[in-house]
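Each chain is listed here by its residues.
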Amino acid sequence: MQIVICKDADQASKMVAAYIERAIKAKPATVLGLATGSTPIRLYKDLIRRYKEGRIDFSKVHSWNLDEYIGLEPTHPASYRYFMNEQLFDHVNIDKANTHVPDGLAKDVEAAAQAYEDGIKADGGIDIQILGIGSDGHIGFNEPATSLVSRTHVQTLMLGTRQDNARLFFDGKLDEVPTRAMTMGTGTVLDSRTAILLAFGKGKAPAIAGAVEGAISHMNQASALQMHRDAKFFIDEDAASMLTPKNIDFFKAVYADSDLKALENA
Ligand code: GLP
């Protein structure tokens, strides 16, 4: 795991955008795993800027989103398909036919979940998986006690998760937040070649402390990333604030020696 403690959310988002730019230049048909939520919005803005400046060509890129609410039409403003179109896809030259979001309206959800897994495999697997983190440590919508080797499945959402998302995306209307979602499993995420988790703000500090310094536990799904072959956390000072001070110093020293440093001004 690499822990990059950034000055602020802007710097972290730009560094991850620079990392993605570098990856797409090296492999134009990069397969991205994408996330929703308020956290990656700055990253998507910076990817759009880089596209407009002619630095990234998305024409061969494929994408697979982590999750989608069950029962929301793709045209619903709080659906994750709508979010992705609005925050990224409508502004870059990605072919929408190559963008994938789980089908929250599927009649046979089991079959749709299996088809999603099969699709990722047939696409060659995910090169770079972008992740946010829930205040309970969830990644995608894998809530506490989900199997750490789970694959794409239907997940019942915790009240706290629905409250967080009601505040941010449903004008505070808890009743309108679906109770279930289809999400890649934590096992699906662990199969990605590189996983990049973004976390900003004090509200994420306990989840980050658990994921980085806690034991691997299904109660903090992000802690499973300790088993990932190449997980990178780009977090701000507030999200890092509950890590042990000596570890913060160590992570900063490791970062100073790493090739990721080149991303700061890229
Ligand atoms: C939702 C999404 C997660 C996201 C989390 C955090 O639950 N399914 O993928 O990481 O929210 O959201 P935010 O970035 O708004 O804090």
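This is a predicted model, so every value here is computed, not measured.

Undergrad: Outline the side chain of H228, listing residues and values.
TA: Along the chain, H228 turns up in the loop between α7 (205–213) and β10 (231–236). Reaching out from H228, the side chain makes a polar contact with the backbone nitrogen of D230 at a distance of 2.8 Å.

Undergrad: Which residues make up the sheet that holds strand β5 (residues 99–100), and what values do they have?
TA: Pairing in this open sheet of 7 strands is parallel, and the strands run β1-β10-β9-β6-β2-β3-β5 from one edge to the other. If you trace the sheet from one side to the other, it starts and ends with β1 (2–6) and β5, each paired once. One ladder, built from 4 bridges, connects strand β2 (residues 31–34) with strand β3 (residues 62–65); its direction is parallel. Bridge assignment links L34 to a residue of β3, and that residue is N65. Each of β1, β9 (194–199) and β10 touches α7; the most contacted strand, β10, lies at about 150° to it.

Undergrad: Tell me about the site of the ligand, residues and numbers included.
TA: Around the ligand, 14 residues are found, and the nearest of them are S38, T39, D67, H138 and K204. The contact in question runs from a nitrogen atom of the ligand to an N or O atom on the backbone of G140, over 3.3 Å. Here an oxygen atom of the ligand sits 2.6 Å away from a polar atom, N or O, in the side chain of K204. For the ligand, the accessible surface in isolation is 390 Å², of which the surrounding protein chains cover 94%. Its residues assigned to classes, the shell around the ligand shows 4 nonpolar, 8 polar and 2 charged.

Undergrad: Before we move on, can you summarise the nonpolar core with the specific residues and values?
TA: I130, L197, I208, F234 and I235 are the most contacted members of the largest nonpolar core, which totals 68 residues. For this core, the leading source of residues is helix α1 (residues 9–26), giving 10 residues. Formed by 11 residues, the second largest nonpolar core is a distinct cluster that contains A78, Y80, V101 and A166.

Undergrad: Which residues make up the packing of aromatic side chains, and what values go with them?
TA: Under the definition given, this model contains 8 aromatic pairs. The interplanar angle of 75° and the centroid separation of 5.1 Å between the aromatic rings of W64 and Y116 together place this pair among those described as edge-to-face. Highlighted residues: W64 in strand β3 and Y116 in helix α4 (residues 109–122), separated in sequence by 52 residues. An identical accessibility class is assigned to W64 and Y116; each is buried. Between F83 and F169, the aromatic rings sit 6.1 Å apart at their centres with planes inclined by 80°, giving edge-to-face as the arrangement.

Undergrad: Before we move on, could you go through the pattern of salt bridges and cite the residues and values that matter?
TA: Applying the stated criterion across every chain, the model contains 19 salt bridges. Between D259 and R22 there is a salt bridge; the shortest N-O distance is 3.7 Å. Here D259 is found in the segment after α8 (245–256), whereas its partner R22 is found in helix α1, with 237 residues between them in sequence. Across the pair K96 and D90 runs a salt bridge, and its minimum N-O distance is 2.7 Å. Residue K96 is classed as partly exposed on the basis of its relative accessible area, which comes to 37%. What you see here is one network of salt bridges that share partners, running through E21, K25, D46, R49, R50, E53 and R55.

What counts, and at which threshold
- Residues numbered from 1 in each chain as written.
- Predicted model: local features only at pLDDT ≥ 70, side-chain atom pairs only at ≥ 80, totals over all residues.
- Heavy atoms only, no water.
- Helix = DSSP H or I, 4+ residues; strand = E, 2+ residues; numbered from the N terminus.
- Polar contact = N/O pair within 3.5 Å; in protein donor to acceptor, adjacent residues only side chain to side chain.
- Pairing = 2+ DSSP bridges.
- Contact = heavy atoms within 4.5 Å.
- Axes fitted to C-alpha atoms, helices over the stretch in contact; angles between N-to-C directions.
- Near = heavy atom within 4 Å.
- Areas by Shrake-Rupley, 256 points an atom, 1.4 Å probe, with all protein chains shown as cover.
- Nonpolar A, V, L, I, M, F, W, Y, C, P; charged D, E, K, R; others polar.
- Core = buried A, V, L, I, M, F, W, Y, C linked by side-chain atoms within 4.5 Å.
- Buried < 20%, exposed > 50% of the residue type's maximum accessible area, 1.4 Å probe, protein only.
- Phe/Tyr/Trp six-rings, centres within 6.5 Å; stacked < 30°, edge-to-face > 60°.
- Salt bridge = Lys/Arg side-chain N within 4 Å of Asp/Glu carboxyl O.

That's the geometry; what it means functionally is another story.
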